[in-house]
Amino acid sequence: MKIKSLALAVAMISVVFTACDDTTDSIGTSLTDNMDMLKVSTDTFEVTSRSFVADSVLSRNTVGYLGKIKDPETGNYIVGDFMAQFGTLENYTFPEKDSIVSVDASGDVVADSCHIRLFYTTYYGDSLATMNLTAHEMSEPMKENTKYYSNFDPKAEGLVRQDGLKINKTYTLVDLSIDEDERADEGSYTPNIKIDMNKEYVDKDGVRYNNFGTYIMRQYYKNPDYFKNSYNFIHNVCPGFYFEMNDGLGSMAYVYVSQLNVYFRYNNDSTYVGTSSFSGTEEVLQTTNIVNDAAAIKALAEDNTCTYLKTPSGIFTEITLPVDEVKAGHENDTLNTAKLTLTRINNNHHGEYSLDAPSTLLMIPKDSLYSFFENGNIIDYQKSFVASYNSTYNNYVFNNISGMITYMYNAKKDGLASNPNWLNEKEGENWNKVVIIPVTVTTNSSNQIIKVVHDMSLTSTRLVGGDDNPNGPIRLSVVYSKFSHE
C-alpha cells in the first residue's frame, strides 16, 4: 500500500550520487553540470511478509554440527549428525618401510595407535552434558557432483558400510580426562572429541588388521599412489566416516576440523614417534544432517503476528515487494535507492541457553532459493543482498535493493510481452517475492565476499511482519531522480 508521495523540486543539490562498486550496496547516478535541472522525489511503501518452512537446505559447509539439544523456544529437539571425508597432502609419503620400528611378529609394519579427533572452538549448550555417538565407516565416498541436503540420511541411502568399522563413544565437551591447566592453555590445547580406533579392523576384502591405523599404513606401502592426492585417498583407502548421535541431550558442537591420526615409530639415527594426519577440510566434502521436529516448526511458521528466522534448516521469511507501486508514475525515472529495514522482536524466552539472532541475512528472489546455493553464487547487489544484525537498533537494514526492484519490474514486463498469462503460470507466480535466509559468509583479505552458505548453527529470531502484524508496518523507502527541462 502506498503511504505517501512527496514530489520535491530541488534547485540546488549538495550531494552527488556516485556509482557503487561490487562491495557496497549504494547506487547512484553520475550527473552533468546542470545540477539545477535534477528533480528528486521520495516515497514510502508498505511491505507484506510471511514465514515459511524450509524443508531442507543445501548442506555443504566447513563446519560439522554434532549433538542434540532442546530448543528453548519450541521444545523441539534438534539433532546434528555429519559426514566427513579426510584429505591428504599432495604426494604424501610415509617414512621408508625399512625404517619403521613398529612391526608385528612377522616383521610387517603396524600402527601403534590410531584415532579421530573432532576439533571445535564453539558449541551450544552444556559442556558437561553426557553425549554418545557412533562413528560409522562409509562404504563409498560422497559424490562430488551430488547436492547433499540437510535431510539426507547416509544410512538409508547406503553410504554406511554395514559390516564396517563402528565405534561407540561417550563424551562430554569438556574432556575431564585432560588436566584443567592443560585445557586452559589455549596456545597448545584445542577442545576436541577423541574417538579411539585401536580395536581389530577388517577391510572390505576380509583382510584383518590389529587396528585401523595399520590398515592405513599397509595400504600406503602396497600402493603409494593411493596417497598421491585426496581424491585417490578417498576413493581407494578411506571413503570417510559418518558421526551419528545415539544418546544424550544438551550440547551441540560446531566441529571445524575432523582429523584422522596414525601413530608409529621409525628410526632415523634415533627412534622417533611419527604421526600421519589426514584432515577433513574445505577441500574435501563435509555435510551435516539435521533432524527437526516438523510439527513444532510448522506451528511457529503459522504464527501470523510476526515472521520467523530459524536455523538450522528451519524457517525463512518471504517478502512481497511492492514493485508495481514503486514504479507507477516513475517508469522513466531513475530509482536511486530502495531501503528496507527488518525490525527484530525481542526474544520472550530468556535463559542461559536462549538462541542467538542470526548475524547475517541474505535476500534473493524466491525462485533462486535453491539455485543460488547449488551454483555457488555470491552477492552481486543486483539480485542478491546481505544485511548484518545491528544490535544497537535491533534490526537488519538492506540499504539499497533498487537493483532487485528494477530486475523484477523488467522481468514482469518481459514475461507478459512473451506470454499474456505469465503471471498465472509457474514462471511468473513469484515474480515480486524475495526470501530472507540466514547465511554464513566468507571474505577474502580485501573483505570481499567470496562464499555464501546456509547458516547451520543454532539461531532464532522473530521479525516484525505477518498478516496479523500488531506492530508498525514494514516500510520500503525509495528515492527517485530525473532531469527536468522546465
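Novice: Please give an account of the overall build of the protein that cites residues and values.
Specialist: Helix and strand content of the protein: 7 helices and 24 strands. Across the 486 residues of the protein, 50% fall into the buried class. Contacts in the protein between residues at least 24 apart in sequence constitute 78% of all its contacts with a sequence separation of at least 6. As displayed, the protein has an accessible area near 23,400 Å², and 46% of this comes from carbon and sulfur atoms. Distance between charge centres in the protein, computed from 39 positive and 62 negative side chains, equals 3 Å.

Novice: Tell me about a negative patch on the surface, and name the residues and values.
Specialist: Taken together, the side chains of D179, E180, D181, E182, D185 and E186 define an acidic patch exposed on the protein surface. One can find D179 in the loop between β7 (166-171) and α1 (180-184).

Novice: Explain empty space enclosed by the protein residue by residue, including any values.
Specialist: According to the stated counting rule, one finds 5 cavities of 30 Å³ or more in the structure shown. Approximately 60 Å³ is the volume attributed to the largest cavity. For the lining of the largest cavity, the per-class residue count stands at 8 nonpolar, 2 polar and 1 charged.

Novice: How would you explain helix α2 (residues 212-222) if you had to name every residue and give the values?
Specialist: The buried fraction of α2 is high, at 10 of 11 residues. Looking at α2, one finds that the buried residues are F212, G213, T214, Y215, I216, M217, R218, Q219, Y220 and Y221. The backbone nitrogen of G213 has a side-chain oxygen 3.0 Å away, supplied by the residue at the start of α2, namely N211.

Novice: Hey, could you go over unusual backbone geometry for me, with residue numbers and the actual values?
Specialist: The omega torsion across T311 and P312 is 5°, close enough to zero to call that bond cis. Looking at the secondary structure, you find P312 in the loop between β15 (307-311) and β16 (315-320). Positive phi is not limited to glycine here, since N91 has a value of about 55°.

Novice: Talk me through the pairing of strand β6 (residues 131-137); I want residue IDs and the actual numbers.
Specialist: With respect to burial, β6 is a largely interior element, 7 of its 7 residues being buried. Residues M131, L133, A135 and E137 line one face of β6 and the alternating positions N132, T134 and H136 line the opposite face, and both faces are buried. Sheet topology note: the β6/strand β11 (residues 241-248) ladder contains 7 bridges and is antiparallel. Paired with A135 across the strands is F243, a residue of β11. The sheet contact formed by β6 and β7 spans 6 bridges and is antiparallel.

Novice: Explain the nonpolar core residue by residue, including any values.
Specialist: Core analysis: the largest hydrophobic core is formed by 62 residues, its most contacted members being L340, F398 and I401. Take this core: its biggest share by element is 5 residues, from strand β21 (residues 433-443). Non-local contacts of I401, meaning those with residues more than four positions away in its chain, are made with L321, A338, L340, M363, F385 and L476.

Novice: Residue-level account of the layout of surface pockets, with values.
Specialist: Considered as a void within the structure, the largest pocket measures approximately 420 Å³ in volume. As for the largest pocket, its lining consists of 26 residues, and the residues nearest its centre are L58, R60, N61, K451 and V453. Where the lining of the largest pocket is concerned, the elements lending two or more residues are β14 (286-291), α6 (371-374) and β22 (449-454). The leading source of residues in the lining of the largest pocket is β22, at 5 residues. In the lining of the largest pocket, the residues fall into 10 nonpolar, 10 polar and 6 charged.

Cut-offs applied
Residues numbered from 1 in each chain as written. Predicted model: local features only at pLDDT ≥ 70, side-chain atom pairs only at ≥ 80, totals over all residues. Heavy atoms only, no water. Helix = DSSP H or I, 4+ residues; strand = E, 2+ residues; numbered from the N terminus. Buried < 20%, exposed > 50% of the residue type's maximum accessible area, 1.4 Å probe, protein only. Contact = heavy atoms within 4.5 Å. Areas by Shrake-Rupley, 256 points an atom, 1.4 Å probe, with all protein chains shown as cover. Lys, Arg positive; Asp, Glu negative; His and termini not counted. Charge placed at Lys NZ, Arg CZ, Asp CG, Glu CD. Patch = residues over 30% accessible without salt bridge, like charges linked within 9 Å, V, L, I, M, F, W, Y side chains within 5 Å. Salt bridge = Lys/Arg side-chain N within 4 Å of Asp/Glu carboxyl O. 1 Å grid on protein atoms, 1.4 Å probe; cavity = no way out; pocket = protein on both sides within 12 Å on 5 of 7 lines; lining within 4 Å. Points joined across faces, edges and corners; volume = space filled by probe spheres on them. Nonpolar A, V, L, I, M, F, W, Y, C, P; charged D, E, K, R; others polar. Polar contact = N/O pair within 3.5 Å; in protein donor to acceptor, adjacent residues only side chain to side chain. Pairing = 2+ DSSP bridges. Core = buried A, V, L, I, M, F, W, Y, C linked by side-chain atoms within 4.5 Å.

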